[in-house]
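# Residue-level structural notes
Take a look at the letters that make up each chain.
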Amino acid sequence: MFGRYWTTGATIVVIAALLGCASTACAQYGRGSGSSGSAVSFAYTGDENGWRLEFTTDKLIFDAGWFNADFDSDIYALEVGIKASDEVSDYGGVPFAAGVGGYRFEAGVPEIEDETDFSFWAGAGDFTHDKKGVFYQYRYIFSGPLSGSQGLIGWAF
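Residues numbered from 1 in each chain as written. Predicted model: local features only at pLDDT ≥ 70, side-chain atom pairs only at ≥ 80, totals over all residues. Heavy atoms only, no water.

## Things to note about the sheet that holds strand 6 (residues 115-125)
Overall, antiparallel pairing links the eight strands, which are arranged 1-2-3-4-5-6-7-8 in a closed barrel. Strand after strand, the sheet turns through a mean of 25° between neighbouring axes, direction not considered. As paired elements, strand 7 (residues 133-141) and strand 8 (residues 148-156) share nine bridges and run antiparallel to each other. Looking across to strand 8, one finds that Gly133 is bridged to Ala156. (Pairing = 2+ DSSP bridges. Helix = DSSP H or I, 4+ residues; strand = E, 2+ residues; numbered from the N terminus. Axes fitted to C-alpha atoms, helices over the stretch in contact; angles between N-to-C directions.)

Put into C-alpha cells, the structure is as follows:
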C-alpha cells in the first residue's frame, strides 16, 4: 500500500501520533466506573515476540506495539478494540475483547517485501488496567504478519 516510501522513521512518527490521539481520547472518553488505565506488556508467540503499550477506557482499548520477527524484521501494530464482556465479568465470566488492527511488516532482508495489513483480533483476560499490578491476556489475530495466538503478560500502572 505505501510501497518503498514507508520508512521506519515514518512508522515511528505515525505510531507516536496515534498514541497521542489515543491517550487524549482515553482521557476524554466517559469514565463511568473509573475502569480506565494504561499498561505495558510483553507479547510472546513462537516466532514474533515484542512489546505493547495499551490505554483503556470503560469500553475501549487502544494499543500500539513493536515486534521482532524472523530475518531481523520488525512488525509495528496499532489496534483498537471494545471490551465486549464487562457485564458478563460481574457474573463470573471471563472478560473478553474484540477489535481491529493495522500491522506493518518491515523486512530486514531485501528478498522479502514489506507488507501492510489490517485484521480482526479477539482476546480474553484482563483488559481494564484500573488497578496497578501484573495482568495476563490471550489474543488471537486472524491474519497478517502477526496472525495466530499471542500470550501477553504485563504491568498496569
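## Notes on the nonpolar core
With 14 residues, the main nonpolar core has Phe67, Ile75, Tyr103, Trp121 and Leu146 as its most contacted residues. Broken down by secondary-structure element, the contributors of at least two residues to this core are strand 3 (60-69), strand 4 (73-83) and strand 5 (96-106). The contacts of Phe67, once residues within four sequence positions are left out, are Ala43, Glu48, Asn49, Gly50, Trp51, Arg52, Ser73, Asp74, Ile75, Ala77, Leu146 and Gln150. (Core = buried A, V, L, I, M, F, W, Y, C linked by side-chain atoms within 4.5 Å. Buried < 20%, exposed > 50% of the residue type's maximum accessible area, 1.4 Å probe, protein only. Contact = heavy atoms within 4.5 Å.)

## A word on the pairing of strand 6
Consecutive side chains of a regular strand alternate in pointing toward one face of the sheet and then the other. Note: strand 5 against strand 6, 10 bridges, orientation antiparallel. Counted as the bridge partner of Gly102 is Phe118 from strand 6.

## With respect to the packing of aromatic side chains
Aromatic rings in a pair are described by how distant their centres are and how their planes are angled relative to each other. Considering all chains together, one arrives at four aromatic pairs under this definition. Pairing Tyr140 with Phe142 gives two aromatic rings, centres 5.1 Å apart and planes at 70°, and the pair type is edge-to-face. Against the face of Trp121 rests Arg139, its NZ or CZ located 4.3 Å from the ring centre. (Phe/Tyr/Trp six-rings, centres within 6.5 Å; stacked < 30°, edge-to-face > 60°. Lys NZ or Arg CZ within 6 Å of the ring centre and 35° of its normal.)

## Regarding the pattern of salt bridges
Proximity of charged atoms lets side chains of opposite charge pair with each other. The tally for this structure, following the rule as stated, stands at seven salt bridges. The residue Arg52 makes a salt bridge to Asp63 at a minimum N-O spacing of 3.4 Å. Pair noted here: Arg52 is in strand 2 (residues 49-56) and Asp63 is in strand 3, with a separation of 11 residues, a long-range link. Arg52 gets classed as buried once you look at its relative accessible area, which sits at 1%. When salt bridges that share partners are traced, they join Arg52, Glu54, Asp63, Glu79 and Arg139 into one network. (Salt bridge = Lys/Arg side-chain N within 4 Å of Asp/Glu carboxyl O.)

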